[in-house]
Amino acid sequence: MPKTIAEQLATEAKELTYRDLPPEVVHRVKRSLLDTLGVAFGGYLSEPSRILQSLAKEMNGPAESTVFCSGIKTSCLYAALANGVMTRYVDFTDRSFLTKEARNNTGHHGESIPPILAVAERQHATGQEVITAIVLAYELMNKIFASIPEYNALFDTRGWTHESMRTPCAMALVAGRLLGLNEDQMANALAVAGSFNFELGIVNWCEEELTMARNLKFPYGAYHGILAAFLARRGFK
């Protein structure tokens, strides 16, 4: 039988290796990583960031991943939330454009780096594994964007946010790779992540800056993508 789309994406996510990456891509990823950490430091003392750090302390999860700047150790899920919120706060992470038209902006791809680092720290991943995971996340988010005709028009006019589709699906595969899932498990993780997480874009664009919720858009989706990978590893379909 031919592979499903989920299975095809899982295969691609498993087969990508560090050796496949051109030196200029590796160099750009390193720059993006350093840039994203700098952006996160800029949002560290913000109120949304302090709230998420306080929550991470209160939940007292396993000491497997680090909250940036603070040294707090918590679960990779809560680290993904806390680090993602401080990264989103100043809105200076990498953006990606599939065309020269601003309306085809695919979003802040640099926001994929905090959840990747959280899972990578838990798994004691190498630097090469982290770099490959970041490239994979960027590629997957672009593919999801490119697969939907009139992507921005669909989500802007019907009230959905673009993070609601691309983030959990992309992060399910990236987290699955870092967790060592096989292709079937990764396809299941993608399916689980794609079954939920369609948040309304009521607070969007200029208006979204009036709420703290805007800072959770990507981290919340990443949280559920990582959770889907953990579920799939245990046989959840």
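Conventions we followed
- Note that residues are indexed from 1 along each chain, following the sequence as it is written.
- Note on the predicted model: pLDDT of at least 70 is required for a residue's local features to be given, and 80 or more for side-chain atom pairs to be given and counted; whole-chain, interface and lining totals, by contrast, use all residues.
- Hydrogens and water are ignored here; the side-chain numbers use all heavy atoms of the structure.
- Counting from the N terminus, the helices are DSSP H or I runs at least four residues long and the strands are E runs at least two residues long.
- How far a helix is expected to stretch is found by multiplying one less than its residue total by 1.5 Å.
- Think of it in three bands: residues with accessible area under 20% of the maximum for their type are buried, residues over 50% are exposed, and the middle band is partly exposed, with areas taken using a 1.4 Å probe on protein chains only.
- What counts as an axis is a line fitted to C-alpha atoms, over the stretch in contact for a helix, and the angles between N-to-C directions run from 0 to 180 degrees.
- Working rule for angles: under 35 degrees goes down as roughly parallel, over 145 as roughly antiparallel, 65 to 115 as roughly perpendicular, anything else as oblique.
- We call two residues contacting when some pair of their heavy atoms lies within 4.5 Å.
- Three residue categories are used. Nonpolar comprises Ala, Val, Leu, Ile, Met, Phe, Trp, Tyr, Cys and Pro, charged comprises Asp, Glu, Lys and Arg, and polar comprises the others, including Gly.

**Here we look at helix H10 (residues 217-233)**
Every α-helix winds through 3.6 residues per turn, so residues three or four apart in the chain are directed the same way.
Logical step 1: The terminal C-alpha atoms of H10 lie 25 Å apart, and with 17 residues this matches the ideal 24 Å at 1.5 Å per residue to within 8%.
Logical step 2: Burial within H10 is extensive, with 12 of its 17 residues counted as buried.
Logical step 3: For H10, the full list of buried residues reads Lys-217, Phe-218, Pro-219, Gly-221, Ala-222, Tyr-223, Gly-225, Ile-226, Ala-228, Ala-229, Phe-230 and Ala-232.
Logical step 4: In the segment just after H10, Gly-235 is the residue with positive phi, at about 100°.

**What about the packing of helix H2 (residues 23-43) against helix H4 (residues 76-89)?**
Logical step 1: Following both chains from N to C, one finds H2 and H4 inclined at 90°, their axes separated by 7 Å at the closest point. Compared by their axis directions, H2 and H4 come out roughly perpendicular. Residues Thr-36, Val-39, Ala-40 and Gly-43 of H2 form the contact with H4, whose participating residues are Met-86, Thr-87 and Tyr-89.
Logical step 2: Looking at the contact of H2 with H4, its residues break down into 4 nonpolar, 3 polar and no charged.

Distances and angles like these do not, on their own, reveal function.
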